[in-house]
Amino acid sequence: KDRTWKGQKWREQPVATKDRTWMMFLCGIGRTGDDHDGFDDSKLINPGSPFAIVWVLLTTVFLLYTAFWTPVSVSFYWNLDVCEPLPTLEFDVFIDCWFSIDLIMNFIMGVYSDGNYEDSFRAVAKKYIQGMFVFDLCTTVPVGLIEYVMLLGCVEGDEAGYSVLSVRFTRVMKPLRLIKLIRLFKILRNRNIVNHLSSVKSEPPPAVVLGKVFILVFAMVHVCACIFWLIKQVGSSEAEYEGFLEDQGLESSSSVESKYVVAIYFISTIVTTVGFGDIAGLNSWERLFCIFIMFIGSVIFGYLLASIQEIVMKMDRYAEERASTQEMLDWLRRRNIPAALREKVVHWIAFQYRHEEELHNQDKHLDKLLEAPALYKEMLEFLHGGLLERISFLGGLKHELKGHFLLELWREMMAEAYYKDTILMCSGEPNKCLLIVTCGDVRVMGADGTALDFVEKGGSIGSEALLGEGDIGKVYGRSDIFVVAMTNVSALVLKRYAEC
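These notes cover the structure that comes with them. Keep in mind it's a predicted model, so treat the numbers as computed, not measured.

1. Thoughts on the overall build of the protein chain
Inference 1: When helices and strands are counted, the protein chain shows 18 helices and 12 strands.
Inference 2: Burial analysis of the protein chain (500 residues in total) assigns 37% to the buried set.

In structure tokens form, the structure reads like this:
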């Protein structure tokens, strides 16, 4: 069955199961009454569906291509005859068609607004028209297609009255699509995409951060280099331009790559404050632009130094983590401990260090909020996330101070780390504590190796210990129960008061 909208109520009507499955899986269209595949019920294409994710990623790639290629095509092909095609003209036509379709896609793809999902066509269209529609429409002018049509006219001996200047200035509008990247990346933060990206380490390693910094610096240098070459062509006479090329060992017929390297080289010497002097501004327009780049360069250079300093500080923190294991590693090597066993020991020491470091940082930052009780409580509520509420006898408490009590109880719980394969509880022995898993995987196993229960992040086991029923075997009705850490585990531990 599928459901159709009629009279503001969902009425079930039989349809082909295959069609329903295809629409829901690929585009997220349909209503299930539950959170099927992580999608919200949707009458339009769901932004968290596989189709929407692929579409947004490809559109982002094409926007990056446009951002890189447009300055080059405008600057280094400024004097290109209108009847001579750009080397990427066919692909540019494809890009223009893609962005034209993307304009339509914005009307048939649901959106998130203030945390709420909106899948009404009328509401989505109204929001888009009042927002980015005019800008998208202006910057989706099919410049490549226009140039392609003009080229056909040239082949037929008729340029159809189009001027070279109009085509060049139309092409300049394309970099404005970069603003659209902000909106596209906001879509990437929604639902399933966020869940996927969050599986990556939240704090990127120094090498990744450094790479992002250099990419940003190169992007600025790239744009400035293209602008410089454009000024060189427009602001210089033909003789001056030819003389400049000759001084750089180039000719008018030299490749765009060679000219681009010269421009990048000159702007880099300004931005890095090196200034060899082999290339300089030769007229007023070039000198004014060089002055502008000097100011921009000082900002870029300062940003680069600040970023590198921050990266070095992060690397020092990683170095402390490595230092905590190096002494142990040296001792293991002196004792000729096998490599496989050494790796297990080092992995456990690193896990312990991260566990203790996280606890230390949490306590340090929470202590700073003690003088702001309301903010302190709000932070505790967020970090607590209702963990103790999920335990039946604690969640069932009836008292006006229940919330405060549970937060303080959570704050006083001890954090422990357990090595993989550690037996945390077993039947026949009194259990003295409640465990709430914060990292790792815990399983309840029978003596025959059968997995009876799984305790993942946020789950708990052993609540009966707080009520005086200490045997975990009684809970499962078996005498051969073992609670085992299947991976390295971090857990919050709450013991009975009498045992503390």
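2. A word on the sheet that holds strand β12 (residues 489-495)
Backbone hydrogen bonds are what pair the strands of a sheet, in a parallel or an antiparallel way.
Inference 1: Read across the open sheet, the four strands follow the order β5-β12-β7-β10; overall the sheet is antiparallel. Every interior strand has two partners, whereas the edge strands, β5 (414-418) and β10 (460-461), have only one.
Inference 2: With six bridges connecting them, strand β7 (residues 433-439) and β12 associate as antiparallel partners. The partner of leucine 435 across the bridge, within β12, is valine 493.
Inference 3: Here helix α14 (residues 339-367) sits on the sheet and contacts β5, β7 and β12; the angle it forms with β5, its principal contact strand, is near 170 degrees.

3. What to know about the packing of helix α2 (residues 50-75) against helix α3 (residues 89-105)
Inference 1: The geometry of α2 relative to α3 is characterised by a closest axis approach of 11 Å and an angle of 135 degrees between their N-to-C directions. Classified by the interaxial angle, the pair formed by α2 and α3 is oblique. For the pair α2 and α3, the crossing hand works out as left-handed. Facing α2, whose interface residues are Phe51, Trp55, Leu58, Thr59, Phe62, Leu63, Tyr65, Thr66 and Trp69, α3 presents Phe91, Asp92, Phe94, Ile95, Trp98, Phe99, Ile101, Asp102 and Met105.
Inference 2: Per-class residue counts for the contact of α2 with α3 are 14 nonpolar, two polar and two charged.

4. Observations regarding the nonpolar core
Inference 1: Ranked by size, the top nonpolar core spans 34 residues in total, and within it Phe76, Phe228, Trp229 and Ile267 carry the most contacts.
Inference 2: Broken down by secondary-structure element, the contributors of at least two residues to this core are α2, α10 (206-235), α11 (238-247), α12 (256-271) and α13 (284-334).
Inference 3: With residues near it in sequence (within four places) discarded, tryptophan 229 still touches Ser75, Phe76, Tyr241, Phe244, Leu245, Lys259, Val262 and Ala263.
Inference 4: Core analysis: the next-biggest nonpolar cluster, separate from the first, contains 17 residues, Val442, Ile481, Val489 and Ala491 among them.

5. Describing the sheet that holds strand β9 (residues 451-455)
Inference 1: Strand order in the open sheet formed by four strands is β6-β11-β8-β9, with antiparallel pairing between adjacent strands. Two strands bound the open sheet, and with one partner strand each, they are β6 (423-426) and β9. For this sheet, the mean inter-axis angle between neighbouring strands, taken without regard to orientation, is 20 degrees.
Inference 2: Relative to β9, strand β8 (residues 442-446) runs antiparallel, the two sharing four bridges. Looking at β9, one finds that valine 442 is bridged to valine 455.

6. A closer look at the side chain of arginine 411
Inference 1: Inspection of the secondary structure assignment puts arginine 411 in helix α17 (residues 402-412).
Inference 2: Arginine 411 has contacts with Asp363, Leu366, Asp367, Tyr376 and Leu380, leaving out every residue within four places of it along the chain.

7. Quick notes on the environment of threonine 450
Inference 1: In this fold, threonine 450 is placed in the loop between β8 and β9.
Inference 2: Of the residues examined, threonine 450 reaches a relative accessible area of 35% and is grouped as partly exposed.
Inference 3: Distance from threonine 450 to isoleucine 481, taken between C-alpha atoms, is 9.8 Å for residues 31 residues apart in sequence.
Inference 4: In this view, threonine 450 contacts Val444 and Met445; residues no more than four positions away in its chain are not counted.

8. Quick notes on unusual backbone geometry
Inference 1: Backbone geometry at asparagine 336 places phi at a positive 55 degrees, although glycine is not the residue there.
Inference 2: Accessibility expressed as a relative area gives 66% for asparagine 336, which makes it exposed.
Inference 3: Backbone geometry at aspartate 421 places phi at a positive 75 degrees, although glycine is not the residue there.
Inference 4: Note on placement: aspartate 421 falls in the loop between β5 and β6.

9. Re α17
Inference 1: For α17, the set of buried residues is Lys402, Leu406, Leu407, Trp410 and Arg411.
Inference 2: Residues of α17 that are buried make contact with α14, α15 (373-384), α16 (392-395) and β12.

10. Digging into the pattern of salt bridges
Inference 1: For the structure on display, the rule yields seven salt bridges.
Inference 2: Here glutamate 389 makes a salt bridge to lysine 402, at a shortest N to O gap of 3.3 Å. With glutamate 389 in the loop between α15 and α16 and lysine 402 in helix α17, this pair connects stretches of sequence that are 13 residues apart.
Inference 3: With relative accessibility at 38%, the residue glutamate 389 sits in the partly exposed group.
Inference 4: Among the charged side chains, a salt-bridge network with shared partners connects Asp363, Asp367 and Arg411.

11. Describing the packing of aromatic side chains
Inference 1: Applying the stated criterion across every chain yields a total of 22 aromatic pairs.
Inference 2: Between tryptophan 55 and tryptophan 98, the ring centres sit 4.2 Å apart and the planes meet at 15 degrees, which makes this aromatic pair stacked. Highlighted residues: tryptophan 55 in helix α2 and tryptophan 98 in helix α3, separated in sequence by 43 residues.
Inference 3: Using a relative accessible area of 11% as the deciding quantity, one classes tryptophan 55 as buried.
Inference 4: Ring centres of tryptophan 348 and tyrosine 419 lie 5.6 Å apart, and the angle between their planes is 80 degrees; this geometry places the pair in the edge-to-face category. Linking tryptophan 348 in helix α14 with tyrosine 419 in the loop between β5 and β6, this pair joins segments that are 71 residues apart in sequence.
Inference 5: Relative accessible area serves as the criterion here: at 17%, tryptophan 348 is assigned to the buried category.
Inference 6: Put simply, the rings of Phe51, Trp55, Phe62, Tyr65, Phe91, Phe94 and Trp98 pair up and form one aromatic cluster.
Inference 7: A cation sits over an aromatic face here: lysine 232 above phenylalanine 244, 4.0 Å from the ring centre.

12. Focus on the packing of α15 against α17
Inference 1: Contact geometry for α15 and α17: axes closest at 10 Å, N-to-C directions at 70 degrees. In terms of their interaxial angle, α15 and α17 are classed as roughly perpendicular. Where α15 approaches α17, its residues Tyr376, Lys377, Leu380, Glu381, Leu383 and His384 are matched on the opposing element by Leu407, Glu408, Trp410 and Arg411.
Inference 2: In terms of residue class, the contact of α15 with α17 is made up of five nonpolar, one polar and four charged.

The rules behind the values
- Residues numbered from 1 in each chain as written.
- Predicted model: local features only at pLDDT ≥ 70, side-chain atom pairs only at ≥ 80, totals over all residues.
- Heavy atoms only, no water.
- Helix = DSSP H or I, 4+ residues; strand = E, 2+ residues; numbered from the N terminus.
- Buried < 20%, exposed > 50% of the residue type's maximum accessible area, 1.4 Å probe, protein only.
- Pairing = 2+ DSSP bridges.
- Contact = heavy atoms within 4.5 Å.
- Axes fitted to C-alpha atoms, helices over the stretch in contact; angles between N-to-C directions.
- Parallel < 35°, antiparallel > 145°, perpendicular 65-115°, else oblique.
- Left-handed = near helix turned anticlockwise from the far one by under 90°.
- Nonpolar A, V, L, I, M, F, W, Y, C, P; charged D, E, K, R; others polar.
- Core = buried A, V, L, I, M, F, W, Y, C linked by side-chain atoms within 4.5 Å.
- Salt bridge = Lys/Arg side-chain N within 4 Å of Asp/Glu carboxyl O.
- Phe/Tyr/Trp six-rings, centres within 6.5 Å; stacked < 30°, edge-to-face > 60°.
- Lys NZ or Arg CZ within 6 Å of the ring centre and 35° of its normal.

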